[in-house]
Amino acid sequence: MSTLAPLRLLREPSNASEGNHSNATVGAGWCQRLDIPNELFLALGLVSLVENLLVVAAILKNRNLHSPTYYFICCLAVSDMLVSISNLAEMLFMLLLEHGVLVMRPSVVRHMDSVIDTLICSSVVSSLSFLGVIAVDRYITIFYALRYHSIMTLQRAVATMASVWLASTVSSAVLIAYYHSNTVLLCLIGFFLFMLVLMLVLYIHMFALARHHLHSISSQQKPPIAHRGGSLKGAVTLTILLGVFFICWGPFFFHLILIVTCPTNPFCTCFFSYFNLFLILIICNSVIDPLIYAFRSQELRRTLREVVTCSW
């Protein structure tokens, strides 16, 4: 699959090109490039597009879902949808060029490539950002339940969403312009680690509070079955949230770390050869997000059924 300009460089760093000739000989016996068919990218992109489009339509349709929490989920769905649309658009654009159906001057091709690259980077950064925003929103809901509506007002929610989209667009433009700089890669890695730590701390704190609350209730009951069942359910939910986030995003950012730390090492260059798999995981995250953050809501599921059956 053809990927955006920065990711083409990230697939196999330019400063490793000279060492790759010798490394190829060293790793020829145990390291092979993983080729993933374009059809898989296309299928996952279409599934993600349909899923997230349904989430957006359901939230817009049902006035009961017009709240900051669901607005953030809607923005996450839009971000994930843009990840799919931009990847599908780039794949179609490159296929048309390769088969001679679309003929353009090199300058126009570079301009179109930059536009698509910016859209992809912006959607990826905004998707990560809204995962963090949703975690913060849930934290406020649990620890400041009585003050939630005064803390997370509609104006603040709109300002938060606008800030995320603006910051994502600006940062993606910077990434496209300076993708060859290790400083930009370190900033991107730092952003991922910040989001990972933020979600980890907030969700563990929320789980600890829920566990303490269940313990207080179950200590007055014999046997304390509710405590064990509630703790298990909370642990499973926490594992799903953080596990999916780390599995889908971790390999790609570990790839970036290796580019900065060991671009010519044979073991690192072998890891680079699985780059397409890391992109598949990011697209899979766009497929899984609605299942975790949206479809678990009974109200939203009911509205989705109405949307699918065209009961407007």
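What counts and what doesn't
Residues numbered from 1 in each chain as written. Predicted model: local features only at pLDDT ≥ 70, side-chain atom pairs only at ≥ 80, totals over all residues. Heavy atoms only, no water. UniProt positions renumbered as here; feature names shortened; annotations may be inferred. Helix = DSSP H or I, 4+ residues; strand = E, 2+ residues; numbered from the N terminus. Buried < 20%, exposed > 50% of the residue type's maximum accessible area, 1.4 Å probe, protein only. Polar contact = N/O pair within 3.5 Å; in protein donor to acceptor, adjacent residues only side chain to side chain. Patch = residues over 30% accessible without salt bridge, like charges linked within 9 Å, V, L, I, M, F, W, Y side chains within 5 Å. Areas by Shrake-Rupley, 256 points an atom, 1.4 Å probe, with all protein chains shown as cover. Salt bridge = Lys/Arg side-chain N within 4 Å of Asp/Glu carboxyl O. Arc of directions from axis to C-beta. Contact = heavy atoms within 4.5 Å. pLDDT = per-residue confidence, 0-100. Axes fitted to C-alpha atoms, helices over the stretch in contact; angles between N-to-C directions. Parallel < 35°, antiparallel > 145°, perpendicular 65-115°, else oblique. Left-handed = near helix turned anticlockwise from the far one by under 90°.

Under an unreviewed UniProt entry, the name given to the chain is Melanocyte-stimulating hormone receptor, and the source organism is Cardinalis cardinalis. UniProt, in its Function (unreviewed entry) section for the chain, records the words "Receptor for MSH (alpha, beta and gamma) and ACTH. The activity of this receptor is mediated by G proteins which activate adenylate cyclase." Recorded in UniProt for the chain, the comment headed Subcellular location (unreviewed entry) runs: "Cell membrane".

### Quick look at the UniProt feature "transmembrane region" (unreviewed entry) in the chain
Here the UniProt-annotated "transmembrane region" (unreviewed entry) positions come out as residues 40-60, 72-95, 115-136, 157-177, 183-210, 231-259 and 271-295. As annotated, residues 40-60 comprises 100% helix and 0% strand, and the C-alpha atoms at either end are separated by 30 Å.

### Notes on the side chain of Ser273
Of note, Ser273 is situated in the loop between helix H10 (266-272) and helix H11 (275-294). Its relative accessible area of 8% is what places Ser273 among the buried residues. At a separation of 2.4 Å, a polar atom in the side chain of Ser273 contacts the main-chain carbonyl oxygen of Cys270.

### Re a nonpolar patch on the surface
Together, Leu166, Val170, Val174 and Tyr178 give the surface a local cluster of nonpolar side chains, amounting to about 390 Å² of exposed area. Locating Val170 in the fold gives a position in helix H7 (residues 154-177). Taking relative accessible area as the criterion, Val170 reaches 48% and is therefore assigned partly exposed.

### Here's the deal with helix H12 (residues 298-308)
Within H12, burial applies to Leu300, Thr303, Leu304 and Val307. Buried positions in H12, seen along its axis, are confined to an arc of 105° and lie on one side of it. Residues of H12 that are exposed and angled more than 90 degrees away from the buried face: Gln298 and Arg305. Of the surrounding elements, those touching the buried residues of H12 are helix H3 (38-61), helix H4 (68-98) and H11. Among the residues trailing H12, Cys310 stands out with phi positive, at a value near 60°.

### A word on the confidence of the model for the chain
Close inspection of predicted coordinates is inappropriate for parts of the model with low pLDDT. Averaged over all residues, the pLDDT of the chain equals 78, while 80% of them reach at least 70. Per-element confidence in the chain ranges from a low mean pLDDT of 46 for helix H2 (residues 17-27) to a high of 91 for helix H6 (residues 148-151). Of the regions scoring below 50 in pLDDT, residues 1-6 engages in 24 contacts with residues more than four places distant in sequence or in other chains. Counting contacts from residues 224-232, a segment whose pLDDT is below 50, to residues more than four positions away or on other chains yields 11 contacts.

### Comments concerning the pattern of salt bridges
Under the definition given, this model contains 3 salt bridges. In this structure, Lys61 engages Glu306 in a salt bridge whose closest nitrogen and oxygen atoms are separated by 2.8 Å. Of the two residues, Lys61 sits in helix H3 while Glu306 sits in helix H12, which places them 245 residues apart along the sequence. By relative accessible area, Lys61 is classed as partly exposed at 23%. Exposure remark for Glu306: the relative accessible area of 22% places this residue in the partly exposed category. A salt bridge links Arg302 to Glu299, with the shortest nitrogen-to-oxygen separation between them at 2.8 Å. One end of the pair is Arg302 and the other is Glu299, both in helix H12 and 3 residues apart, which spans about a single turn.

### Notes on the environment of Ile120
Within the secondary structure layout, Ile120 lies in helix H5 (residues 106-143). Judged by relative accessible area, Ile120 falls into the buried class, the value being 5%. Put simply, Ile120 and Ile85 are 35 residues apart on the chain and 8.7 Å apart in space, counted from C-alpha to C-alpha.

### Focus on the packing of H4 against H5
It is at 8 Å that the axes of H4 and H5 come closest, and there the two elements cross at 155°. Classified by the interaxial angle, the pair formed by H4 and H5 is roughly antiparallel. H5 is crossed by H4, and the crossing has left-handed handedness.

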